[in-house]
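Chain by chain, the residues run as shown.
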Amino acid sequence: MTISREDIEKVAVLARIRVDDEQVSALENDLGNILDLVDQLSAADTDAVEPLAHPLDAVQRLRPDEVTETNQREAFQAIAPATENGLYLVPRVIE
Amino acid sequence: MQWDIVIGLEIHVQLATQTKIFSGSSTAYGAEPNTQANAVDLAMPGTLPVPNEQAFRYAVMFGLAVNAEIERRSVFERKNYFYPDLPKGYQTTQLERPIVGPGHVDIDLANGETKRVRIHHAHLEEDAGKSLHEDFHGMTGVDLNRAGTPLVEVVTEPDMNNAEEAVAFAKKLHSLVTSLGICDGDMSQGSMRFDVNISLKPKGSDTLGTRTETKNLNSFRFMEQAIAHEVERQMDILEDGGVIVQETRLYNGDRDESRSMRSKEEANDYRYFPCPDLLPVEIDDAFIEQARSRLPELPDARKARFKEQYGLNDYDAGLLSGDAKLSAFFEEAVSHGKDAKLTANWIQGEFSARLNAEEKTVTESPITGAQLGDLIVRIADNTVSSSGAKKVFESLWSGESDNVDAIIDAQGLKQVSDTGELEKMVDEVLAGMPDQVAQYQNEDDPKKRKKMLGGFMGPLMKASKGQGNPKLFNEILVKKLGG
């Protein structure tokens with residue numbers, strides 16, 4: 001299985017990772033190898049196998065609807081790059 | 001060319017749990033920014049989500065109320081995208097195995113018909129935070145209090161064919177979730193948000209046209225306007241021979257205009273995959289039966305009961321049964337006031353008008369159902385006239401007094417219904433208006449006579465200081481004037 005340069009560039013955009021042309025060539029090779037490995041798994045006959053949502057054979061525990069958290073804004077905002085009036089500030093985004 | 005309109009809805013319903021879907025942070029509305037956003041909500045490294053049982057119970061109650069199958073084993077997926085109000089970089093949601101499977105809701109239309117709208121599915125997911133684009137020195141402020149609030153997203157089949165049906169469905173859903181008590185229904189606080197998918201196709205065609213999605217409508221009025229706006233936009237394009245671009249649009253209700261947010265080409269590639277942090281959730285029969293036992297009376301059943309128990313007509317029963325709080329108010333009033341039709345009229349008239357004028361909800365009403373009931377008793381037994389009753393209502397509303405009889409006494413609103421006394425007043429007034437009396441008696445047209453009768457009422461009401469019973473005055477007048 002091969003992966004195209006366009007695929008790599010698209011995935012990089014989605015992941016917000018900057019890759020230059022040289023890196024794309026290297027990734028073409030590396031990701032291609034990984035996909036080849038996955039391809040080998042595809043050879044297994046899974047027709048009779050239920051898709052697995054989670055590798056553990058266990059069921060999720062649920063929590064009662066009770067407030068257990070207290071306000072720790074100060075602690076969290078102490079490590080934030082920028083805050084104002086209790087808000088976290090980030091570079092301007094408008095969609 | 002004639003077009004068929006095809007509408008499907010996606011509705012985000014904020015669940016009225018105390019805490020978030022995956023953390024023990026409070027979901028109370030209106031707190032100081034970020035005081036209810038803790039380690040899990042902020043996606044701090046090393047934190048793990050633990051789902052809220054109540055969110056599942058509410059989702060199951062919703063599923064039962066829309067006649068849907070409940071998925072016994074539901075799975076959470078990650079929907080990946082980057083936005084500052086989504087700290088994890090993905091929204092935890094359900095895609096392949098949503099908790100609520102196919103169901104349906106019946107809506108009543110203005111022409112008296114009932115229409116079935118199918119529910120495709122409903123799933124549990126978490127809400128995002130809020131971005132504030134006001135002036136923060138060119139930066140965006142982020143409040144994550146809402147991040148992680150549990151939502152049920154309801155997805156319908158494209159079964160609606162005009163704005164009336166879509167709004168009727170939206171109102172029905174609002175009435176359902178508030179009656180269930182799983183959502184506070186406060187649209188101004190974003191408790192319910194609607195996305196509308198619209199497409200047009202040539203009348204009678206079987207092939208669906210390209211659809212657009214108009215996002216985040218938070219009132220029934222905006223929804224109706226946005227649909228009208230989008231239908232017109234698409235019709236203009238199609239009739240000019242153009243093609244509809246599949247896209248997401250934003251509607252500005254204040255300006256009645258919309259703009260494209262993103263097209264299909266730019267559509268996010270969400271790369272869904274099962275969330276490794278969460279195991280599948282299994283719902284057993286006991287859980288479902290317990291949820292079923294908590295189902296309250298639902299709007300359809302309540303409407304039928306209102307018709308049966310109080311003899312209300314379909315229209316009154318429909319209006320009073322939709323909102324659980326209004327229904328409770330009505331029933332409290334009727335238990336005091338007895339006369340159901342008169343109570344229904346006052347609730348839909350004076351009471352609703354005042355709530356709307358002051359933008360209040362039923363629970364914020366300064367008068368209680370019992371007080372309105374007491375007033376209805378005094379109207380029904382002729383103690384006060386309808387204009388007097390409005391004055392009593394006014395005093396109750398302003399909080400001047402909370403006792404109907406005390407207000408009637410204090411303001412002298414008691415009607416005079418003593419026939420002898422009223423006859424005396426009529427005699428005096430007629431004696432002072434000989435010309436009008438002669439004119440009346442020379443008139444043959446019963447319609448004109450009826451109208452002329454009104455000319456005597458003003459002076460009579462004045463003579464009785466507004467306290468004469470108008471109905472009795474009328475009877476006496478007709479008798480004295482000779483038919």
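Note that this is a predicted model, so its numbers are computed, not measured.

Procedures and definitions
Residues numbered from 1 in each chain as written. Chains lettered and ligands numbered in written order. Predicted model: local features only at pLDDT ≥ 70, side-chain atom pairs only at ≥ 80, totals over all residues. Helix = DSSP H or I, 4+ residues; strand = E, 2+ residues; numbered from the N terminus. Rg over C-alpha atoms; globule rule 2.2 N^0.38 Å. Buried ≥ 20, exposed ≤ 12 C-beta atoms within 10 Å, placed from the backbone. Pairing = 2+ DSSP bridges. Contact = placed C-beta atoms within 7 Å. Nonpolar A, V, L, I, M, F, W, Y, C, P; charged D, E, K, R; others polar. Axes fitted to C-alpha atoms, helices over the stretch in contact; angles between N-to-C directions. Parallel < 35°, antiparallel > 145°, perpendicular 65-115°, else oblique. Left-handed = near helix turned anticlockwise from the far one by under 90°.

Draft legend 1. Seen up close, the overall build of chain B. Within chain B, the secondary structure is distributed over 15 helices and 15 strands. For 483 residues, the compact-globule estimate of 2.2 N^0.38 gives 23 Å, and the C-alpha radius of gyration of chain B, at 29 Å, exceeds that figure by more than 25%. Each of the three principal axes of chain B carries a C-alpha extent, and together these read 95 × 55 × 55 Å. A total of 483 residues make up chain B; the buried ones form 39% of that total.

Draft legend 2. How the structure looks around the pairing of strand S6 (residues 114-126) of chain B. Residue and element names in this part refer to chain B. Inspection of the sheet shows strand S5 (residues 103-108) paired to S6 by six bridges, in the antiparallel sense. Its bridge partner lying in S6, Gly103 is registered against Ile119. Taking the residues that link successive antiparallel strands as the turn, the S5-S6 hairpin has five residues, and the phi of Gly112 there is positive, at about 90°.

Draft legend 3. Highlighting the interface of chain A and chain B. Listed as interface residues are 34 residues of chain A and, on the opposing side, 42 residues of chain B. Taken together, the elements giving at least two residues each to the side of chain A that touches chain B come down to helix H3 (73-78) and strand S2 (87-91) of chain A. Broken down by element, the side of chain A that touches chain B gets its largest block of residues, five residues, from S2 of chain A. The residue makeup of the side of chain A that touches chain B, split by class, is 17 nonpolar, seven polar and 10 charged.

Draft legend 4. Structural view of the environment of Leu375 of chain B. Residues and elements named next belong to chain B. Along the chain, Leu375 turns up in helix H9 (residues 369-380). Taking the C-beta count within 10 Å as the criterion, Leu375 has 29 such neighbours and is therefore assigned buried. In this structure, the C-alpha to C-alpha distance between Leu375 and His336, residues 39 residues apart in sequence, is 9.1 Å. Aside from chain neighbours lying at most four places away, what touches Leu375 is Ala389, Val392, Phe393 and Val404.

Draft legend 5. Representation of the packing of H9 of chain B against helix H10 (residues 386-398) of chain B within the structure. All names here are of chain B. One can describe the packing of H9 onto H10 by two numbers: an axis separation of 10 Å at closest approach and a directional angle of 160°. Looking at the two axes, H9 sits roughly antiparallel to H10. Once H9 is placed against H10, the crossing between them reads as right-handed. Across the interface between the two elements, Gln371, Leu375 and Ile379 from H9 touch Ser386, Ala389, Val392, Phe393 and Leu396 from H10. Of the residues contributing to the contact of H9 with H10, the split by class is six nonpolar, two polar and no charged.

Draft legend 6. Highlighting the sheet that holds strand S14 (residues 273-274) of chain B. Residue and element names in this part refer to chain B. With antiparallel pairing, three strands are arranged side by side in an open sheet as S4-S3-S14. Strands at the two margins of the open sheet, each flanked by one partner only, are strand S4 (90-93) and S14. Alignment of strand S3 (residues 77-80) against S4, held across four bridges, turns out to be antiparallel. Residue pairing in the sheet places Glu77 in a bridge with Thr93 of S4.

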